[in-house]
Amino acid sequence: MLTSRRDFLCTASAAAIAGLSAREVLAAEMKKAKPGVPAKWDMTTDVVVAGSGPSGMGAAVAAVDAGAQVLVFEKGDNYGGCGIICAGILQLEGGTRFQKEHGIKDSPELYYQRLTSPKAKDHHGMDPKIAWQMAQRFPEFLDWSEKHGVKYRSFQAEAVDSQHSGAWHHLSWPEPGEGAMMVPPNKDGYVTGAGLMIPLKNYFLEKGGKILMHHKVTDVIQDETGRAVGVVVEADGKTLNVRAKKGVILAAGSWKANKALRKLSDGRFSENMISTGDPFVTPDGSGIIAAMRAGGMLARDYSKATSCVRRKFGTAHYNFPMGSKWGAPGLSCAGARWAQLIFTNKDGDRFIREVDKWDLGIGYNFYDAALAQPEQKLWIVYDDETAKRFRWSTQPPMCEEGLAFDAPTIEELAKVTGQKNLVETVARYNKFVDAKKDDDFGKPAEMLTKKIEKGPFHAVRCILCVHNLCCGVAVNENFQVLSYAMEPVPGLCAVGENAGGFYPGGVAGGMTTGRIAGEFIVKNA
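Residues numbered from 1 in each chain as written. Predicted model: local features only at pLDDT ≥ 70, side-chain atom pairs only at ≥ 80, totals over all residues. Heavy atoms only, no water.

## Quick look at the overall build of the protein chain
Counting secondary structure elements, the protein chain contains 16 helices and 17 strands. The C-alpha radius of gyration computed for the protein chain amounts to 24 Å, which stays within 12% of the reference 24 Å derived for 525 residues, consistent with globular compactness. With respect to the principal axes defined by its C-alpha atoms, the protein chain has extents near 75 × 60 × 40 Å. Residue burial in the protein chain is summarised as follows: out of 525 residues, 59% are buried. For the protein chain, long-range pairs separated by at least 24 residues make up 71% of all intrachain contacts whose partners lie at least 6 apart in sequence. In the structure as shown, the protein chain presents an accessible area of about 21,100 Å², 51% of it carried by carbon and sulfur atoms. Looking at charge distribution, the protein chain has the averaged site of its 63 positive side-chain charges lying 1 Å from that of its 59 negative ones. (Helix = DSSP H or I, 4+ residues; strand = E, 2+ residues; numbered from the N terminus. Rg over C-alpha atoms; globule rule 2.2 N^0.38 Å. Buried < 20%, exposed > 50% of the residue type's maximum accessible area, 1.4 Å probe, protein only. Contact = heavy atoms within 4.5 Å. Areas by Shrake-Rupley, 256 points an atom, 1.4 Å probe, with all protein chains shown as cover. Lys, Arg positive; Asp, Glu negative; His and termini not counted. Charge placed at Lys NZ, Arg CZ, Asp CG, Glu CD.)

## Details of the pairing of strand E11 (residues 309-313)
Summarising burial for E11: 5 of the 5 residues are buried, a large majority. Alternating positions in E11 separate into two faces, Val309, Arg311 and Phe313 on one and Arg310 and Lys312 on the other, with burial throughout. Pairing of E11 with strand E15 (residues 457-466) involves 5 bridges; the strand directions are antiparallel. Each residue of the ladder has a partner; that of Lys312, found in E15, is Ile463. (Pairing = 2+ DSSP bridges.)

## A few points about the pattern of salt bridges
The final tally for this structure, using the stated rule, is 28 salt bridges. The residue Asp284 makes a salt bridge to Lys216 at a minimum N-O spacing of 3.0 Å. With Asp284 in the loop between strand E10 (274-275) and helix H10 (286-293) and Lys216 in strand E7 (residues 216-222), the pair connects residues that are 68 residues apart, well separated along the chain. With a closest N to O distance of 3.0 Å, Lys454 and Glu385 form a salt bridge. Taken as a pair, Lys454 in the loop between helix H15 (422-435) and E15 and Glu385 in helix H13 (residues 384-390) lie far apart in primary sequence, 69 residues in all. The class of Lys454 is partly exposed, set by a relative accessible area of 41%. One salt-bridge network, in which partners are shared between bridges, spans Arg97, Glu101, Asp143 and Glu146. (Salt bridge = Lys/Arg side-chain N within 4 Å of Asp/Glu carboxyl O.)

## Examining the nonpolar core
In this structure, Val70, Phe343, Phe366 and Phe479 are the most contacted members of the largest nonpolar core, which totals 126 residues. Non-local contacts of Phe343, meaning those with residues more than four positions away in its chain, are made with Phe313, Trp338, Asp349, Arg350, Phe351, Ile352, Glu354, Phe366, Trp379, Ile380 and Cys462. (Core = buried A, V, L, I, M, F, W, Y, C linked by side-chain atoms within 4.5 Å.)

## With respect to unusual backbone geometry
Residue Asp278 is joined to Pro279 through a cis peptide bond whose omega torsion reads 10°. Note that Pro279 resides in the loop between E10 and H10. Residue Asp236 is not a glycine yet carries a positive backbone phi of 55°. Positive phi values are uncommon outside glycine, yet Phe479 reaches one of about 65°. With respect to the element layout, Phe479 can be found in the loop between E15 and strand E16 (480-482). Residue classification places Phe479 among the buried residues on the basis of a relative accessible area of 0%.

## So, the sheet that holds strand E4 (residues 152-156)
Read across the sheet, 3 strands follow the order E3-E5-E4 without closing on themselves; strand pairing throughout is antiparallel. The open sheet has two free edges, formed respectively by strand E3 (89-90) and E4, since each of these has just one partner strand. The pairing of E3 with strand E5 (residues 168-171) spans 2 bridges and is antiparallel. Following the sheet pairing, Ile89 is matched in E5 by His170.

## Considering the packing of aromatic side chains
Taken as a whole and judged by the stated rule, the model has 17 aromatic pairs. Plain terms: the ring middles of Phe280 and Trp326 are 5.2 Å apart, the flat faces sit at 85° to each other, and that makes the pair edge-to-face. Linking Phe280 in the loop between E10 and H10 with Trp326 in the loop between E11 and strand E12 (342-344), this pair joins segments that are 46 residues apart in sequence. As far as burial versus exposure is concerned, Phe280 and Trp326 are alike and both buried. A network of ring pairs unites the aromatic residues Phe313, Trp338, Phe343, Phe351, Phe366 and Tyr367 as a single cluster. Sitting over the face of the ring of Phe366, Arg311 holds its NZ or CZ atom 4.8 Å from the ring centroid. (Phe/Tyr/Trp six-rings, centres within 6.5 Å; stacked < 30°, edge-to-face > 60°. Lys NZ or Arg CZ within 6 Å of the ring centre and 35° of its normal.)

So this is what it looks like as C-alpha cells:
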C-alpha cells in the first residue's frame, strides 16, 4: 500500500536531497506490495471517484445521473480543486448556443478538424479517437451545465490575454469566490470558478451522492482477474477498504506540487517554482501512481509551455484576490504594460524581448528563456512613473514580503536586490528607447516608449509556476486506463490530469473527460 500523503511528500523531498532522481522515487513506490481483496469491506458503493476537482465532479455527476451510488473522496482540505479558484472563464467550442448567437460558425466536425490540425499547437499529436469523442461531447457542455444549475453571465469572442486565446464563456455567481477574477463583476454577478463547482456540488448531494473530505485514495484494489473492485483510502490515521461495485474513476490531479515527481514532466521544473493553487490545492501525483500500480502505463506528457507554466509578479501564490488568506494577488502585468519595464535575471541582465506574445519569432518563447536563467530568479524593473500609472504597490496586501523592493536610485536598487549588472543594463536599455532600436533582443519600436529614469525605482520578483500537467496514464476514448499491453484495465478510468497523452482543454475539457468516464463506467460495469 502507498504511504500517506505526508510521508510520501517527505520521502520524495528526502530523496531529492539525497540525489535520487524522480524515476528512482517512482520506482520505489511501484515496488511496494499491492493490496489484495479484503475479507471485509469498510464501505461499499457503486462508483468511487478520487478527487473533487472539475474532472472528478464531472464524473461524479454523470455517474449519479446514470443511476449509480457515488462516493467522492477528496484528499485535501478544500472542495473543488483548482476548478473553484479558477477565473471562471470557460473556452467552449464546437457550436455552443452562445457561439451561434454571436455569429461564430462552428460544429463538432470543425472542432475535430482543429484538434487534429497540424497547426494545433495545443493538441498536436492527440489520439484521433479521443479527439473525436471530445469534439462530439464538448459542444453540449453549456447546455449540460445549465441543466445542473450552472449560470452564465456573458460571452467574450476575443482572447483574454496572451495566455488565454480564443473565445470564452463567462460563469456567473452571486459572490466573489476564493479565486482572483480576470473579468470585473457587474449586475449579473461575479465571474468565478465557484459558479461552476458549487452548483454541481449542490446537485450531486441532492441526488444522494457523498463527498468525504480528508480521504485520500492511495491504491486500487483488484480481484484475481485484474478488475478494479475497490480502493484503499487513508483518513484520520486509519486505512479503509472501500468496495466499488461498478468501478473506480481516478481524478486526483497531476503531480505539479510534488517537487520530485514533476521533473518527469519537465526536467527544468526546479525547487524554486511554485505550483498553481498552492496552498488551496496541492496535487501530489497520488492518483497517477495508483493507476500505474494497477497496471496503467504512463503516457507521454502532453504539457506545453503556455499551459504547464505560468508567471506571477510579487507573489508566490497563484490566482488569489486582494486580502485572500491564501496569498497576495501580486501585480497585474500583461500586454502593453510590458512597454513600461524590463525583465532581468539574478545578475540584472535582460534575457528576453519584452513583448507579451506566445510567438516571439525567435525560435523560443518567454518560458524557455525564463526557465534557463540562473536559479530561475527573475525580476521586472520599472520606475515610479510606471508604478503610479498602473497603481502598482510593492507592499502588502498587493505584494508579499521579500518579493518586491524600492530604492531611490538604480544603484541602490541593484544592491538591495543583488543584481550586479542592473545599473549598466538600465542605462543601455534607456539608450535603446531613445534610438527606438533594441540591439540586444529586438523589442519593437512601438514598445520602446518608456525609459526607466524617474525614481524611486522598483524591482519585483517574477515567480514561475507549474500549472497544467498532462502527465497521467494512457487511456482510450472512454478514458479507461490502458495497460502496458494497451488493453483496458477493467473497471478503472482516469480523467483530467490523471489521464496523459493529450491536453483536455482547461476546466471544461477536464470535466468533459470525467463526464464521459462516469457514463461509461456505469453502463459497462
